Amino acid sequence: MIPMKKAFLCVSLSLLIVFASYSQDDNSFNGVQNNLGNLFLLSQAKTRSISPENFTGEKGKGGMAKIGEGSASNAARDLGQGWKVNPFIVIGKGQTFTLAEIDGPGALQHIWMTPTGNWRFSIIRIYWDEEKESSVECPVGDFFCMGWGQYAPLVSLPVCVNPGSAFNCYWQMPFRKKCRITMENLDEKDMRLYYQIDYALTNIPKDAAYFHAKFNRVNPLPFKEVYTIVDNIKGKGQYVGTYLAWQVNNNGWWGEGEIKFYMDGDKDFPTICGTGTEDYFCGSYNFDRGGKYIEFCTPYSGLAQVIRPDGTYQANQRFGLYRWHIADPIRFEKDLKVTIQALGWRSDGRYLPLKDDISSVAFWYQTEPHAKFQKLPGKDDLEVR
């Protein structure tokens, strides 16, 4: 039998727990960190979406384009307003188009697009709040892990690429005051773009950091030099992903190199040092089964693309690899630099420093302001060749 004082204490604690759970607003969930475990929760978040059929995302303003105004006016001429009149845009050569301009607070939750033309010549940029320099600056193909300009199926948690060439991004990107997304067409030809940007207007936690992504390329990598994925990250945050587009300019295995994370004042030696390229991308032993590279996609890592020589003009092997630090983000307090070695094999069991064509995108969250990005390579240096 429970003594009266203990029974009273147990009942009181139970009531406190119940009252505490109901003392909060029933709709206090902000609607951003969605998963199967909380989809039943109600929220005050407002769902909005921007596309060529609703450039502003305003409530009740979708599908309003009139015949003669929209990109598909001719196809819809017998049906009229409301019948898929403006499903895509055309970005002229050398032009920059603002895909979205959103007043916050809120968070981007999904981006879908189908860019035509040369994916290295279409540059996506994302600006947070009132910043003048973007926090995301990448060729659109590389941002969606298609750095070689050729389609390959890719299935992961934050990025999916689906037939025929549908790019999907599920990175959660919170902002407080404003979000602006642009696409620049560096090509000599116009590009056609279908796109949709889904977001929530809602309160953002005080400790939410801003999403960043930065492209880099070296072709060829100088002999005995280490490839830098990203450098000069300043601030507090967490590194969350790497994409590499790697062309091998030598025979034999190319992935003996180690990835290294220099953080918070590291100089000559890093805090985190991997054991090999395929190891970092969660594979093993050259990604080889039966004398062949085996493509794979998992939620957190993959060798999504292997472009094999064709015996004529396609002479080199090309690889597309991704590694998402979702379950294991790499947190830094002040600064971060990430490098990877390019190593093969030569005679007598010695490593061979390689002179390969390597491109990368680094993905991370951090406090603002961020350090100024190194200037994006020019068109000729972006080109896959």
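Parameters at a glance
- Residues numbered from 1 in each chain as written.
- Predicted model: local features only at pLDDT ≥ 70, side-chain atom pairs only at ≥ 80, totals over all residues.
- Heavy atoms only, no water.
- Patch = residues over 30% accessible without salt bridge, like charges linked within 9 Å, V, L, I, M, F, W, Y side chains within 5 Å.
- Areas by Shrake-Rupley, 256 points an atom, 1.4 Å probe, with all protein chains shown as cover.
- Salt bridge = Lys/Arg side-chain N within 4 Å of Asp/Glu carboxyl O.
- Helix = DSSP H or I, 4+ residues; strand = E, 2+ residues; numbered from the N terminus.
- Pairing = 2+ DSSP bridges.
- Phe/Tyr/Trp six-rings, centres within 6.5 Å; stacked < 30°, edge-to-face > 60°.
- Buried < 20%, exposed > 50% of the residue type's maximum accessible area, 1.4 Å probe, protein only.
- Lys NZ or Arg CZ within 6 Å of the ring centre and 35° of its normal.

A. Highlighting a nonpolar patch on the surface. Where nonpolar side chains cluster on the molecular surface, the patch consists of Leu157, Tyr300 and Ile326 and spans about 260 Å² of accessible area. Looking at the secondary structure, you find Leu157 in the loop between strand S7 (154–155) and strand S8 (159–162).

B. Inspection of the sheet that holds strand S25 (residues 335–340) at higher detail. One open sheet accounts for four strands, arranged S15-S25-S17-S18; its pairing is antiparallel. Each edge of the open sheet carries a strand with a single partner, namely strand S15 (227–234) and strand S18 (272–273). Of the pairings in the sheet, the one linking strand S17 (residues 259–263) to S25 comprises five bridges and is antiparallel in character. Residue pairing for S25: Tyr262 is matched across the bridge by Lys337.

C. Main features of the packing of aromatic side chains. Evaluated as defined, the whole model comprises 28 aromatic pairs. Seen in terms of ring centroids, Phe144 and Phe167 are 5.1 Å apart; in terms of plane orientation they differ by 25 degrees. Their pairing is stacked. A residue pair is termed long-range when its members are at least 10 positions apart, and Phe144 in the loop between helix H2 (140–143) and S7 and Phe167 in strand S9 (residues 166–169) qualify at 23 residues. Relative accessible area serves as the criterion here: at 0%, Phe167 is assigned to the buried category. Ring centres 5.6 Å apart and planes at 25 degrees place the aromatic pair Trp171 and Phe363 in the stacked group. Separated by 192 residues along the polypeptide, Trp171 in the loop between S9 and strand S10 (173–175) and Phe363 in strand S28 (residues 357–366) bring together distant segments of the chain. Exposure class is identical for Trp171 and Phe363. Each is buried. An aromatic cluster is present here, built from Trp119, Phe143, Phe144, Phe167, Trp171, Phe211, Tyr322, Trp324, Phe363 and Tyr365 joined pairwise through their rings. Note that Arg323 overlies the ring of Tyr280, its terminal NZ or CZ placed 5.6 Å from the centroid.

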